[in-house]
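What follows is each chain in one-letter form.
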Amino acid sequence: MRRFFIEESKITGPMISITGSDAAHIKKVLRMKSGDRIGLFDGRGFEYEARIENLLAGSVEVSIIKRFLSASESPVQIIVAQALLKDKKMDILARQLTEIGVARLIPFTSIRSVPRPDKKRLSARRKRWEKIAIEALKQCRRGHVTKIGETITFNDIIKINDECDLKIVFWENESKPVSDAVQQVHDRHYRKILAVLGSEGGFSEKEIEDARACGFVTASLGPRILRAETAAVAACTILQYLFGDMGLKKS
Ligand code: SAH
């Protein structure tokens, strides 16, 4: 069944109006007719089965048949704090981390990250990353969109508590793997994890010291130095494998 994203605010009753490019796609590309079924998802964890009722000039009216909780969310909430990367690397990350099932992406500035862009530019970039995350959501059939946070500083990041039961910095100078750095790996105990990754320039010793003082553990991603954009994907894959829903049997 074809799936479309619908803003939660548009779901006000049993009949919903789909507008814009999705409406045009349903009519002109898919050539769907009244009576055909489509899937909808709101990016907040709900999915819907709907029936096309009316094909109008600028919209398609559908009726909701069924509402259900999305089954594609991981049991572990992974929050990724990523030092700002250059060029389009953050765009790519927003898409890849959505696919891997990351709950939230928080960009931050650090000692060795690119010079801090101005506020206006950051707000435009954040909007772009949000859009990319929604696009990725459609493709990967996830129920929840990866929330994109405002860009904050490294010092703000290490003060985040947010009831995270594991706070971990992936540090290029660490030699202990994740499984050593954390305990109870086999119990799949962690439900909310904050994973921090550096910029192209990595972290300073002082930043690591400060993070440790705030309760962070440090872990390695193996003996090779990964490019920042590769590191975030590798780190999240490992965390989803150990604690989430990648590679392990559902219990
Ligand atoms: N310029 C640094 C590397 C930075 S890599 C140097 O040459 O040492 C960018 C980020 O990716 C790092 O800050 C870290 O968060 C992550 N990363 C890359 N390779 C890693 C590894 N082997 N172990 C842990 N983290 C790694």
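Provided above is the structure to which this section pertains.
Residues numbered from 1 in each chain as written. Predicted model: local features only at pLDDT ≥ 70, side-chain atom pairs only at ≥ 80, totals over all residues. Heavy atoms only, no water.

Caption draft 1: Up close: the sheet that holds strand 2 (residues 15-19). On the basis of which strands lie adjacent, the open sheet formed by five strands has the order 1-3-4-5-2 and mixed pairing. Two strands bound the open sheet, and with one partner strand each, they are strand 1 (3-5) and strand 2. Geometrically, the sheet is characterised by an average inter-axis angle of 40° between neighbouring strands, direction not taken into account. As paired elements, strand 2 and strand 5 (residues 59-69) share five bridges and run antiparallel to each other. Across the sheet, T19 pairs through a bridge with S59, a residue of strand 5. (Pairing = 2+ DSSP bridges. Helix = DSSP H or I, 4+ residues; strand = E, 2+ residues; numbered from the N terminus. Axes fitted to C-alpha atoms, helices over the stretch in contact; angles between N-to-C directions.)

Caption draft 2: How the structure looks around the pattern of salt bridges. What the rule picks out here adds up to 15 salt bridges. The salt bridge partner of E73 is R142, with a shortest N-O separation of 2.9 Å. A residue pair is termed long-range when its members are at least 10 positions apart, and E73 in the loop between strand 5 and strand 6 (77-83) and R142 in the loop between helix 3 (119-140) and strand 8 (147-148) qualify at 69 residues. According to the relative accessible area criterion, R142 is buried, its value standing at 4%. The residue R128 makes a salt bridge to D91 at a minimum N-O spacing of 3.0 Å. Linking R128 in helix 3 with D91 in helix 2 (residues 89-100), this pair joins segments that are 37 residues apart in sequence. Taken together, the salt bridges that share partners define one network made up of R37, E49 and K66. (Salt bridge = Lys/Arg side-chain N within 4 Å of Asp/Glu carboxyl O. Buried < 20%, exposed > 50% of the residue type's maximum accessible area, 1.4 Å probe, protein only.)

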